[in-house]
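Here's the letter readout for the chains.
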Amino acid sequence: MKSDGTMPKVGMNAMRQAQLIKATLTVIDRVGLAEASIAVIAKEAGVSTGIVSHYFGDKNGLLDACMRQILADLYLAVERRRRQAPDTPEAQIRAIIDGNFDLSQVDAPVLKTWLVFWTNSLHQPRLQRLQSINDRRLWSNLTAQFARVMPREQARAAGSSMAAVIDGLWLRMTLAPLPVDEGLMRARSLCYQNLALWLQPPQQNRS
């Protein structure tokens, strides 16, 4: 989507779009959004600034396109793991957790772009809308699974808790990155611990 709210112009091939998105992620990772000018991104992609402006308008349009691609990759990662998991609440929630910490989402440029996205979504309605859609999807999927084993209101609280843990660990991984394997293992382990607390049987009153 361009900065004026329109989608990239028809006729842009997928290879060129992927090239520009990759260049944008690389530049944001290297110099941050403030210094990620159209000229720098165009140079990284090996194209003219006119081509970038023609398709995306400005770097906000590029950021929008980048996040749409990252969110699409996230959706596919979660759905792939859910299809492979048993159809039980615990297995499905674990699949959602694992999908959110998929390798496609923990590459350094992607992590930094997520942070840029979260920050800029506070001020840009289009990015805020994408953030809201992603938040609702995560919460809804988690809540639906918790609701299979607990009352609806409790399931809503459990879904909110798990979503907050996932988001918080994402932020920690972005600000204080660990080696990929260690970071993924720690994040998933903490999420699984939170899940176990919500799924444990209620304590029976003892007389």
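In what follows, the structure referred to is the one given above.
Residues numbered from 1 in each chain as written. Predicted model: local features only at pLDDT ≥ 70, side-chain atom pairs only at ≥ 80, totals over all residues. Heavy atoms only, no water.

### A closer look at the packing of aromatic side chains
And then number 1: This structure, assessed with the given rule, holds four aromatic pairs.
And then number 2: Look at W114 and F117: their rings are 5.8 Å apart centre to centre, the planes differ by 70°, and that puts the pair in the edge-to-face class. Taken together, the residues span about one helical turn, with W114 and F117 both in helix α7 (residues 108-120) at a distance of three residues. Assigned by exposure class, W114 and F117 land together as buried.
And then number 3: Each ring, one from W114 and one from W118, has its centre 5.6 Å from the other, and the planes form 45°; the classification is tilted. You can see W114 and its partner W118 sitting in helix α7, four residues apart, about one turn around the helix. (Phe/Tyr/Trp six-rings, centres within 6.5 Å; stacked < 30°, edge-to-face > 60°. Helix = DSSP H or I, 4+ residues; strand = E, 2+ residues; numbered from the N terminus. Buried < 20%, exposed > 50% of the residue type's maximum accessible area, 1.4 Å probe, protein only.)

### Regarding helix α10 (residues 180-199)
And then number 1: Spanning 20 residues, α10 covers 28 Å between terminal C-alpha atoms, matching the ideal 28 Å at 1.5 Å per step.
And then number 2: Those residues of α10 not exposed but buried are G183, L184, A187, R188, C191, N194 and L195. Buried residues of α10, viewed axially, fall in a sector of 120°; they line one side. Facing away from the buried side of α10 by more than 90 degrees, the exposed set consists of D181, M185 and L197. (Expected span 1.5 Å × (residues − 1). Arc of directions from axis to C-beta.)

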